[in-house]
Amino acid sequence: MKESLLKEKRRAFLKGGFALGGLALLSPEKALSSSLKIQDKEFRIITGPYLQTNFGNSMSVLWITSKNSSSWVEYGISPDKLDQKAFGKSSLGFKPADRLNCIKLENLKPGTTYYYKIVSKEIKDFQPYKLTYGETVSGSTESFLNPDAAKKEVSFVMLNDLHDRPKSIPHLLNLDKDNKHDFVFFNGDIFDYQADEQQIIDHMLQPCVDNFAKNTPFVYVRGNHETRGQFAREFPAYFDHVGYTAFSLGPVRFVILDSGEDKVDAHPVYAGIVDFDKYREEQAKWLEDEIKRKEFKNAAFRIVMMHIPPRYSGDWHGPTHCTSLFEPIMNRGKVDLVLSGHTHQYKIHEPAKDLNNYAIVIGGGPQEGTRTLTKIKANHKQILLSMLDDSGKEVGAYSISKK
Ligand SMILES: [Fe+2]
């Protein structure tokens, strides 16, 4: 990132905003009025369904209702016969009875198309010995392909650093609309900061539902901006998963790291209530174990995805902590490729001797002309990466062959 931009960013931040200078911000007044829209009297599905998965023959189906409900998914392998039913995970003997629904369909058959429908029954009145249900609402029948974990090729696209620009989601995805993807990956800073539920719906969930997420899952990891604002602690409840994880699909072992904040935990803007050093150290310990796992070692390729790149994003504490903690482990683990964002300047960094032994590909954004869609395909022989700018022009290409 250019020094002038960094200074501008720092000025905007210290003025009390948690966002980049020049970006559209949600004022507290706007945040309040939009959150009130949620509390409508009608019982309805506010948004969804949207799919998320860690693969492994499971698929999480999520949606939001306007009031608390008893909810389930009806599903099957024929659109005319949704003969299976799944509820959300019980806890302490309770089935969920909430507005935020996340139901994981498990033990799915590999390489099989499933059809499903979401159903919610309104909890109208909740007395100690009498619960009264209201209306039942359901979605239309949708479908998704549960991929075979042993598939020969994996294909996905990465979006990053949208910063509260919901129109960027369809715009960028349309650049590659003719290709089928196993998943869409959001690599952080999809928002400037977390204000309320309506922002999550309007700026991410609804555009995802409208464009792909009923049928294709997304994988999401937080950037530093998703950790900010008064709603940041409620934010994870709207997703199946937004932290660090790992999964295998086809020839690739994917490792996702949550790179946390960019400044020191003691910085005044965090007011003493963040603990990202410890969180990154916890992930480094986990990564040490991950690189010893057979799924990691035996994969044809190993791709790490993290918002703040583990090098080449300045000398603030977050980036340099990521370098010192993760780079030695990723070098020892023979990582092939790291996909990142954060700098707002797209760039492909080749492997560098005695530093990062792997390529680091950084997507751009968020303004028009700087946004990118990063397309990745991998089979057992090679990874092919193509980065498009928002006019559809290829601005970067990289390939890695199996050694
Ligand atoms: Fe960032």
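Per an unreviewed UniProt entry, the recorded name for the chain is Purple acid Phosphatase, N-terminal domain, and the organism is Pedobacter steynii.

K.L.:
Report on the coordination of the iron ion, specifying residues and quantitative values.
P.N.:
Bound to the iron ion on the protein side are Asp-189 (OD), Asn-224 (OD1), His-307 (NE2) and His-342 (ND1), at distances that span 2.1 to 2.2 Å. Each of the four donor atoms around the iron ion contributes to a set of angles spanning 88 to 170°, which defines the coordination as irregular. If you list the donors of the iron ion from N- to C-terminus, the spacing comes out as D-x34-N-x82-H-x34-H. With Asp-189 in the loop between β10 (183-187) and α4 (197-211) and His-342 in the loop between β15 (337-340) and β16 (347-349), this pair connects stretches of sequence that are 153 residues apart. Of the residues examined, His-342 reaches a relative accessible area of 4% and is grouped as buried.

K.L.:
For the packing of aromatic side chains, give the residues involved together with the corresponding values.
P.N.:
Inspection of the entire model under this criterion finds 25 aromatic pairs. Measuring from centroid to centroid gives 6.4 Å for Phe-212 and Phe-218, while their planes differ by 75°, and the two rings are edge-to-face. Taken individually, Phe-212 and Phe-218 each receive the classification buried, so the pair is uniform in this respect. Geometrically, the ring pair formed by Tyr-244 and Tyr-279 is tilted, given 5.8 Å between the ring centres and 55° between the ring planes. Of this pair, Tyr-244 sits in the loop between β11 (218-221) and β12 (245-249) while Tyr-279 sits in helix α5 (residues 276-290), placing them 35 residues apart in sequence. Three or more aromatic residues joined by ring pairs make a cluster, and in this case those are Tyr-50, Phe-186, Phe-191, Phe-212, Phe-218, Tyr-220, Phe-235 and Phe-239. Taking the ring centre of Phe-87 as reference, the NZ or CZ of Lys-95 above it sits at 4.0 Å. Above the face of the Phe-301 ring, Lys-402 is positioned so that its terminal group lies 6.0 Å from the ring centre.

K.L.:
For the UniProt feature "domain: Calcineurin-like phosphoesterase" (unreviewed entry) in the chain, give the residues involved together with the corresponding values.
P.N.:
As recorded in UniProt, the sites labelled "domain: Calcineurin-like phosphoesterase" (unreviewed entry) are residues 156-346. Structurally, residues 156-346 is divided into 30% helix and 18% strand, and its ends, taken at the C-alpha atoms, are 18 Å apart.

K.L.:
So what's going on with the UniProt feature "domain: Purple acid phosphatase N-terminal" (unreviewed entry) in the chain? Which residues, and what values?
P.N.:
With numbering matched to this structure, UniProt assigns "domain: Purple acid phosphatase N-terminal" (unreviewed entry) to residues 56-122. Note that residues 56-122 is 0% helix and 54% strand, and that its end C-alpha atoms are spaced 32 Å apart.

K.L.:
Which residues make up the domain arrangement of the chain, and what values do they have?
P.N.:
Its domain assignment divides the chain into domain 1 (45-146) and domain 2 (154-401). A separation of 28 Å is found between the C-alpha centroids of domain 1 and domain 2. Of the roughly 1900 Å² buried at the junction of domain 1 and domain 2 (both faces included), carbon and sulfur atoms supply 55%. By the criterion of area lost to domain 2, the three top residues of domain 1 are Tyr-50, Gln-52 and Phe-55, representing 33% of everything that side buries. Here domain 1 and domain 2 share two salt bridges between them. When the shortest N-O distance is used, the salt bridge between Glu-197 and Arg-99 registers 2.6 Å.

K.L.:
How would you sum up helix α7 (residues 317-332)? Please name residues and give values.
P.N.:
Spanning 16 residues, α7 covers 23 Å between terminal C-alpha atoms, matching the ideal 22 Å at 1.5 Å per step. Where α7 bends most, the angle comes to about 40°, and this point is Phe-326, followed within four residues by the proline Pro-328. Within α7 the residues assigned to the buried category are Gly-318, Pro-319, His-321, Cys-322, Thr-323, Leu-325, Phe-326, Glu-327, Ile-329, Met-330 and Asn-331. At its buried positions, α7 is contacted by β13 (252-257), α5, β14 (301-306) and β15.

K.L.:
Please give an account of the nonpolar core that cites residues and values.
P.N.:
Formed by 30 residues in total, the largest nonpolar core has its most connected members in Tyr-50, Leu-159, Phe-186, Met-204, Phe-218, Tyr-220 and Phe-239. Elements that contribute at least two residues to this core include exactly β1 (45-52), β2 (59-65), β9 (154-159), α3 (168-174), β10, α4 and β11. Of all the elements, α4 adds the most residues to this core, at six residues. Per-domain counts for this core show at least three residues from each of domain 1 (45-146) and domain 2 (154-401). The contacts of Leu-159, once residues within four sequence positions are left out, are Ser-168, Ile-169, Leu-172, Leu-173, Val-184, Phe-185, Phe-186, Asn-187 and Leu-373. Counting residues in each nonpolar core, the second largest holds 28 residues, with Leu-249, Phe-254, Ile-256 and Leu-339 among its members.

K.L.:
So what's going on with the sheet that holds β15? Residues and values would help.
P.N.:
With respect to topology, six strands assemble into an open sheet ordered β12-β13-β14-β15-β17-β16, the strand pairing being mixed. Among the strands making up the open sheet, the edge pair consists of β12 and β16. Neighbour-to-neighbour, the strand axes of this sheet turn through a mean angle of 20°, independent of strand direction. Direction of pairing for β14 relative to β15: parallel, over a ladder of three bridges. Each bridged residue has a counterpart across the sheet, and for Ile-303 the counterpart in β15 is Leu-337.

What counts, and where the lines are drawn
- Throughout this document, residue positions are counted from 1 along each chain, in the order its sequence is written.
- Only residues with pLDDT of at least 70 get local features here, since the model is predicted, and only at 80 or more are side-chain atom pairs given and counted; chain-wide, interface and lining totals rely on the full set of residues.
- With hydrogens and water excluded, all non-hydrogen atoms of the structure serve as input to the side-chain values.
- For Na, K and Ca the donor cut-off is 3.2 Å, and for all other metals it is 2.8 Å, counting N, O and S atoms only; because water is absent from this set, sites may look incomplete.
- Note on geometry labels: four donors, all angles 85 to 135 degrees, give tetrahedral; four donors become square planar and six octahedral when opposite donors are over 155 degrees apart and every other angle is between 65 and 115; remaining cases are irregular.
- Only DSSP runs of H or I with at least four residues qualify as helices, and only runs of E with at least two residues qualify as strands; both kinds are numbered from the N terminus onward.
- Only protein chains enter the accessibility calculation, which uses a 1.4 Å probe. A residue is then buried if its area is under 20% of the maximum for its type, exposed if over 50%, and partly exposed in between.
- Each Phe, Tyr or Trp ring, with Trp reduced to its six-membered ring, pairs with another whose centre is within 6.5 Å; inter-plane angles below 30 degrees give stacked pairs, above 60 give edge-to-face pairs, and intermediate values give tilted ones.
- Here, over-ring charges are defined by two tests on the NZ atom of lysine or the CZ atom of arginine: distance to the ring centre within 6 Å, and angle to the ring normal within 35 degrees.
- UniProt positions are given in the numbering used here, feature names are shortened, and annotations may be inferred rather than shown by experiment.
- For the domain bounds, the source is a domain assignment made automatically or taken from a database.
- The term buried area means the drop in 1.4 Å probe accessible area that two parts suffer when joined, counted for both and summed.
- Should a side-chain nitrogen of Lys or Arg be within 4 Å of a carboxyl oxygen of Asp or Glu, the pair is scored as a salt bridge.
- Given the number of residues in a helix, its expected span is that number minus one, multiplied by 1.5 Å.
- The angle between axes fitted to the seven residues ending at a residue and the seven residues starting there is what we call the bend at that residue.
- The contact criterion used is simple: two residues touch if any of their non-hydrogen atoms lie within 4.5 Å.
- Put simply, buried Ala, Val, Leu, Ile, Met, Phe, Trp, Tyr and Cys residues joined by side-chain atoms within 4.5 Å make one nonpolar core.
- Here, strands pair whenever DSSP counts at least two bridges between them.
- Fitted lines through C-alpha atoms serve as axes, helices being fitted only where they are in contact, and the angles separating the N-to-C directions of these axes extend from 0 to 180 degrees.

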